[in-house]
Amino acid sequence: MAEIKKVAVIGAGVMGAGIAAQIANSGAPVVLLDIVPAGATNRNAVAEGAVEKMLKTDPAPFMSKAAAKLVTTGNIEDHLDLLADCDWIVEVVIERLDIKQALYGKIEAHRKPGSVVSSNTSTIPLHNLVEGQPESFARDFIITHFFNPPRYMRLLEIVTGPQTRADAGADVAAFADYRLGKSVVYCKDRPGFIANRLGVYWLQSAVVTAFELGLDIEDADSIIGRPFGIPKTGVFGLIDLVGLDLMPHINASMAASLPPEDAFHGMNRPAPLIERMIKDGYTGRKGKGGFYRVNRELNKRKEAIDLKTGDYRVQKRARVEAVEAAGKSLTKLFEHDSVHGRYAWTVMRETLSYAAALVGDAADEIESIDEAMRLGYNWKSGPFELLDKIGVDWFIARLEQEGRIVPPILRAAQGRSFYRIETGKRQALTLDGDYRTLTRPDGVLLLEDIKLNSQPVLKNGSASVWDIGDGVLCFEFTSRMNSLDADIVALLTKTIELVKKSYKALVVYNEGSNFSVGANLGLALFAANIAGWNEIQGLVGMGQFTYKALKYSPFPVVAAPAGMALGGGCEILLHSDAIQAHAETYAGLVEVGVGLIPGWGGCKEMLARWQGLGKLPKGPMPAVAKVFEYISTATVAKSAAEAKEMLILRPDDGITMNRYRLLADAKAKALSLVEGYKPPEPPTYVLPGPSGRVALNMAVDGFARLGKATKHDIVVSGALAEILTGGDTDPTEIVTEDRMLELERQGFMKLIRDPDTLARIEHMLETGKPLRN
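Presented here is a report on the structure given in the accompanying data block. The model shown is predicted, which means the values in this text are computed figures rather than measured ones.

1. A closer look at the packing of helix H17 (residues 383–390) against helix H18 (residues 392–401)
Inference 1: H18 packs onto H17 with a crossing angle of 90° between their chain directions and a minimal axis gap of 6 Å. Taken together, the axes of H17 and H18 lie roughly perpendicular to each other. Residue-level inspection shows Leu-387, Asp-388 and Ile-390 of H17 in contact with H18, the latter providing Val-392, Trp-394 and Phe-395.
Inference 2: Its residues assigned to classes, the contact of H17 with H18 comprises five nonpolar, no polar and one charged.

2. Some points on helix H23 (residues 533–551)
Inference 1: With 19 residues, H23 should reach 27 Å at 1.5 Å per residue; the first-to-last C-alpha distance of 27 Å fits that figure.
Inference 2: When we look at burial in H23, the residues that qualify are Trp-533, Ile-536, Val-540, Gly-543, Gln-544, Thr-546, Tyr-547, Leu-550 and Lys-551.

3. Some words on the sheet that holds strand E14 (residues 435–437)
Inference 1: In spatial order, the strands read E12-E13-E14; together these three strands make up an open sheet with antiparallel pairing. Each end of this open sheet is capped by a strand with a single partner; those strands are strand E12 (419–422) and E14. Neighbouring strand axes in the sheet, compared pairwise and without regard to direction, differ in orientation by 35° on average.
Inference 2: Here strand E13 (residues 425–429) pairs with E14 via three bridges, running antiparallel.

4. Quick notes on the packing of aromatic side chains
Inference 1: For the coordinates displayed, the defined rule picks out 20 aromatic pairs.
Inference 2: Ring geometry for Trp-610 versus Tyr-630: centroids 6.0 Å apart, planes at 45°, classification tilted. With Trp-610 in helix H25 (residues 602–611) and Tyr-630 in helix H26 (residues 621–632), the pair connects residues that are 20 residues apart, well separated along the chain. Take Trp-610 and Tyr-630: they sit in the same class, and that class is buried.
Inference 3: Chaining the aromatic ring pairs together yields one cluster made of Phe-228, Phe-334, Trp-345, Trp-394 and Phe-395.
Inference 4: Lying over the aromatic face of Tyr-660, Arg-154 brings its terminal NZ or CZ to 4.7 Å of the ring centre.
Inference 5: The ring of Trp-345 carries Arg-398 above its face, with NZ or CZ at 4.4 Å from the centroid.

5. Some remarks on the pairing of strand E17 (residues 472–477)
Inference 1: Counting buried positions over the six residues of E17 gives six, a clear majority of the element.
Inference 2: Two elements, strand E16 (residues 463–467) and E17, share five bridges in a ladder whose sense is antiparallel. Bridged to Ser-464 within E17 is Glu-476.
Inference 3: Once E16 ends, the chain turns through four residues before running back antiparallel as E17, passing Gly-469 with a positive phi of about 90°.
Inference 4: In this sheet, strand E18 (residues 505–508) lies alongside E17 in parallel orientation, the contact comprising four bridges.

6. Overview of the environment of Arg-426
Inference 1: Tracing the backbone shows Arg-426 in strand E13.
Inference 2: The residues touching Arg-426, leaving out its near neighbours within four places in the chain, are Glu-385, Tyr-419, Arg-420, Ile-421, Arg-436, Thr-437, Leu-438 and Leu-452.
Inference 3: Here Glu-385 takes part through its side chain, which lies 3.1 Å from a polar atom of the side chain of Arg-426.

7. A look at the sheet that holds strand E3 (residues 71–75)
Inference 1: If you walk across this open sheet you meet the eight strands as E3-E2-E1-E4-E5-E6-E7-E8, and the pairing is mixed. A strand with exactly one partner marks an edge of an open sheet, and here the two such strands are E3 and strand E8 (183–186). Averaged over all adjacent pairs, the angle separating strand axes in this sheet is 25°, with direction ignored.
Inference 2: In the sheet, strand E1 (residues 7–10) pairs with strand E2 (residues 30–34) via four bridges, with the strands oriented parallel. Within E2, the residue paired with Ala-8 across the bridge is Val-31.
Inference 3: Relative to E2, helix H1 (residues 14–25) is tilted by about 170°, and along the sheet it contacts E1, E2, E3 and strand E6 (141–146).

8. Re the pattern of salt bridges
Inference 1: One pass over the structure, following the stated rule, counts 55 salt bridges.
Inference 2: Ionic pairing is found between Glu-108 and Arg-111, a salt bridge with its closest N-O pair at 2.7 Å.
Inference 3: The exposure class of Glu-108 is partly exposed, given its relative accessible area of 22%.
Inference 4: Residue classification places Arg-111 among the buried residues on the basis of a relative accessible area of 10%.
Inference 5: For the salt bridge of Arg-760 with Asp-713, the shortest nitrogen-to-oxygen distance reads 2.7 Å. With Arg-760 in helix H32 (residues 755–767) and Asp-713 in helix H30 (residues 711–724), this residue pair connects regions lying 47 residues apart in the sequence.
Inference 6: A residue is classified by how much of its surface remains accessible, and Arg-760, at 2% relative accessible area, is buried.
Inference 7: For Asp-713, a relative accessible area of 13% gives the class buried.
Inference 8: Put simply, Glu-108, Arg-111, Asp-140, Arg-165 and Asp-167 are held in one network by salt bridges that share partners.

The rules behind each value
- Residues numbered from 1 in each chain as written.
- Predicted model: local features only at pLDDT ≥ 70, side-chain atom pairs only at ≥ 80, totals over all residues.
- Heavy atoms only, no water.
- Axes fitted to C-alpha atoms, helices over the stretch in contact; angles between N-to-C directions.
- Helix = DSSP H or I, 4+ residues; strand = E, 2+ residues; numbered from the N terminus.
- Parallel < 35°, antiparallel > 145°, perpendicular 65-115°, else oblique.
- Contact = heavy atoms within 4.5 Å.
- Nonpolar A, V, L, I, M, F, W, Y, C, P; charged D, E, K, R; others polar.
- Expected span 1.5 Å × (residues − 1).
- Buried < 20%, exposed > 50% of the residue type's maximum accessible area, 1.4 Å probe, protein only.
- Pairing = 2+ DSSP bridges.
- Phe/Tyr/Trp six-rings, centres within 6.5 Å; stacked < 30°, edge-to-face > 60°.
- Lys NZ or Arg CZ within 6 Å of the ring centre and 35° of its normal.
- Polar contact = N/O pair within 3.5 Å; in protein donor to acceptor, adjacent residues only side chain to side chain.
- Salt bridge = Lys/Arg side-chain N within 4 Å of Asp/Glu carboxyl O.

By themselves, these are just geometric observations and shouldn't be taken as functional.
What follows is the structure, encoded as structure tokens:
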């Protein structure tokens, strides 16, 4: 296999620029080329403008501004010579075969032998793309279908052709896996490949059926969303996000390329209302609105379109009786005697039957189709996993009752299931009716697999501890949203003692959407409402004691976060010997948003990091000011790379691009620290005392006069300033770690009694948004 060291992307539109940004995020240099605009004085304007725009975009395509420096911009008239040292060239130009093939001729004249060329096409088959190209080009050519936005969508579909050399796809797949963080699914050379072939059909069937049944779009999204583990945007919200104007183009391309007998043609029906919306500029979020809009003329009123009249009306909160009556039972939802029950059944009958019909066509493996929909469309479960939940026999019986065709793979699963567990291994059904054991790639270790073969070493209602082999334990949060409570702290204390006696190292990790959203605010509010101040103070002290014990334990501790690591979740990172973070880790000390300060050692750990940096101006104030800035504004790193810049991660902490590889990487890091391990030395602090506190408070008062800080912001910032400046100390004294913890406890308990803090907590729990009081 050849290592990919440098990449070129040709086409600097939203997708091409996003692909270039993700390649730069991996640390690889990338060339970004586009056309020369007519009459332009700057011939590189398109590519340069794309990079400049991405630096301002939110959510950001770049994981850090430093990554943008790895992008070299140019144009395809003057700079094709830059392809000569690129190992992989990605074409991301308009979906027109003639334009793509003309570009391939230019690429072939400038690329080095053996470099891989790929197209990001979403609809044009590979055999059409390479038609008329030299054999040397066809051997090195593949399709790499990214999903938008490329940084955040983990799926990459790869298509190879009969002329493609075997290692071309393998080289790109390895780079995409390890460096870009992608889960690679190999597809057959079919229109739409897997995810869009099924996803577009699902969207089309949901829209067509909603029109036919006259549903309110809020109800349709509520039915097709969360009950099936599909994002709450549902269907109409997703189309608004993607863009209504893209749908006719995608549908036309699919209709032109799919065989006449394909079920898609029955769903590809005219929609005059949607045509009118597009014509009037209602193309979704990027336009004046879409199925949903914000009416700025009526005080930003949220509105939804009525599919029957075509007029906008006030958006309603969906309360669908069929969904509420069904609970978690999908069959009860399908059987509900209402228009909503019929909608759920009709859409999912069509979608799941179509998915079954794709086995042997778009892909031979059901797990490939499931993975494509999980990662390409953010479904919690793929279509065959959903069929197992519904019940294969129930689904087949309903199809037969309606006189509908039962696809072969569904018939093969009759009386069984699509997936099963056999001797601790997960197996998937194949087209020939046998089961095949699913194996993970080398370097992938998942708790979900470990759980098939073992029981937790320790467990309570909020956490579990698993033996992941080689003398390493894994501490897993299992509470709702992985929020931290007394049970987690208690089990962590027991785990520390267990590792001391019988194990080598500890990894803190879980496979939830978020590492931890912080402390359980509901329990804190309940305790405050019954004046349980001693209980709250006890939990603060217990958390401080346990985190400190974790920090100074006689074995290495590695935290492996992914997703949000906020508040107390961030503090556990700060007390670990090392962090191996997924690239999409969003960490920060955000307690001020609910009127509190970090109470489990976050203040003193961040201070220790910034004081030990050695790059700030001398004196006690610069580090204090920097930490005050981050905590008082509840700054959250928007990537692991940003967390390094904030020193939540240390310079030598690791970043894993592929989420599936995180636990294995963290375990390897923990084992690498075992030999000769010694706990860290306790930090000491030189802090400015009252004079520094006055300076910080003056800064906050200035923000208040500008209207940027509220009354309670001043109170909370004052408590934070008291801690970070060391209380009554002065620069001639040494402040100990225990004194910093004492200041944190005092500040936390003072604020938790404040009615304005309790109002913030209650508002956050009710709305999910901070109260500006």
